[in-house]
Amino acid sequence: REAYLRKVLGFEQVRSANISVGEGESRTGTVLFPKDPARRVEIVWKDQASRRRPDLVIISSAATAWHTADNIEIGTPLSVIESLNGRAVHLTGFNFDDAGTITDGAGGHLKFLGVEKVAEGIVGRQLIIRLDRTDAAWTALSDAEKKSVNGDVIIASSLPAVRKLNPSIRQIIVEFPNP
């Protein structure tokens, strides 16, 4: 609950805000440590009216101190994710709003990335990881390579064009399941 967080952390450390959740959409939420990039966290609530029961916890600051138990953090390269997973992952293409989102772990060790089951969609996902590529890496790709990884498509991280892009984590979202 936002009210409890204010009581524990203090009024200055807890702010109500509209939180961007992608695709141009925002939801009512709470920002913890709004003036401290190392500790900043955004929370989107399932119950937005009373601001309770977290739905998403979003970490986006490049200066963040937050990381997973596997030391996955903002700036971690895709190659490290693949190494921890024991195989390539699936992700969305680049150059659109939710670009570079790991959609599932493709049956690897990182079960919290989810498993794609076509009829049910992505199941078991607890962590959403979004990657970004540099403009220089994008410019270095051929037109055919750009086409293979561009837009709202699902691709394997093992594609040569993805390897050349060498994307790294730009956002980590903890997703809380419905009770």
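Every value quoted in this text rests on a predicted model; they were computed, and no experiment measured them.

## Observations concerning the overall build of the protein chain
Then, number 1: From N to C terminus, the protein chain includes five helices and 11 strands.
Then, number 2: The C-alpha radius of gyration of the protein chain comes to 17 Å, within 12% of the 16 Å expected for a compact globule of 179 residues.
Then, number 3: For the protein chain, the C-alpha atoms occupy an extent of roughly 55 × 35 × 30 Å along the three principal directions.
Then, number 4: For the protein chain, with 179 residues in total, the buried portion stands at 40%.

## With respect to the sheet that holds strand β10 (residues 154-156)
Then, number 1: A sheet is described by the order of its strands in space; here three strands give the open sequence β6-β5-β10, paired in antiparallel fashion. Lying at the two open borders of the sheet, with one neighbouring strand each, are β6 (102-104) and β10. Within the sheet, the average angular offset between the axes of one strand and its neighbour, ignoring direction, is 40°.
Then, number 2: Bridge analysis of strand β5 (residues 90-92) against β10 gives three bridges, and the strand direction is antiparallel. Pairing of H90 across the sheet is with A156, part of β10.

## Remarks on helix α2 (residues 78-85)
Then, number 1: Within the span of α2, buried status applies to L78, I81, E82 and N85. Along the axis of α2, the buried positions cluster into a sector of 100°, meaning they face one direction only.
Then, number 2: Considering only its buried residues, α2 is in contact with β6, β9 (127-132), α5 (160-165) and β11 (168-175).

## Description of unusual backbone geometry
Then, number 1: Within the chain, R53 stands out as a residue other than glycine whose phi angle is a positive 60°.
Then, number 2: Topologically, R53 is positioned in strand β4 (residues 52-59).
Then, number 3: R53 gets classed as partly exposed once you look at its relative accessible area, which sits at 38%.
Then, number 4: Despite not being glycine, A106 shows a phi value in the positive range, around 55°.
Then, number 5: If you trace the backbone, A106 turns up in the loop between β6 and β7 (115-117).

## Thoughts on the packing of aromatic side chains
Then, number 1: All chains considered together, the criterion is met by zero aromatic pairs.
Then, number 2: Positioned above the aromatic ring of F33, the side-chain terminus of R39 is 3.9 Å from the ring centre.

How each quantity is defined
Residues numbered from 1 in each chain as written. Predicted model: local features only at pLDDT ≥ 70, side-chain atom pairs only at ≥ 80, totals over all residues. Heavy atoms only, no water. Helix = DSSP H or I, 4+ residues; strand = E, 2+ residues; numbered from the N terminus. Rg over C-alpha atoms; globule rule 2.2 N^0.38 Å. Buried < 20%, exposed > 50% of the residue type's maximum accessible area, 1.4 Å probe, protein only. Pairing = 2+ DSSP bridges. Axes fitted to C-alpha atoms, helices over the stretch in contact; angles between N-to-C directions. Arc of directions from axis to C-beta. Contact = heavy atoms within 4.5 Å. Phe/Tyr/Trp six-rings, centres within 6.5 Å; stacked < 30°, edge-to-face > 60°. Lys NZ or Arg CZ within 6 Å of the ring centre and 35° of its normal.

Purely geometric stuff here, so don't read any function into it on its own.
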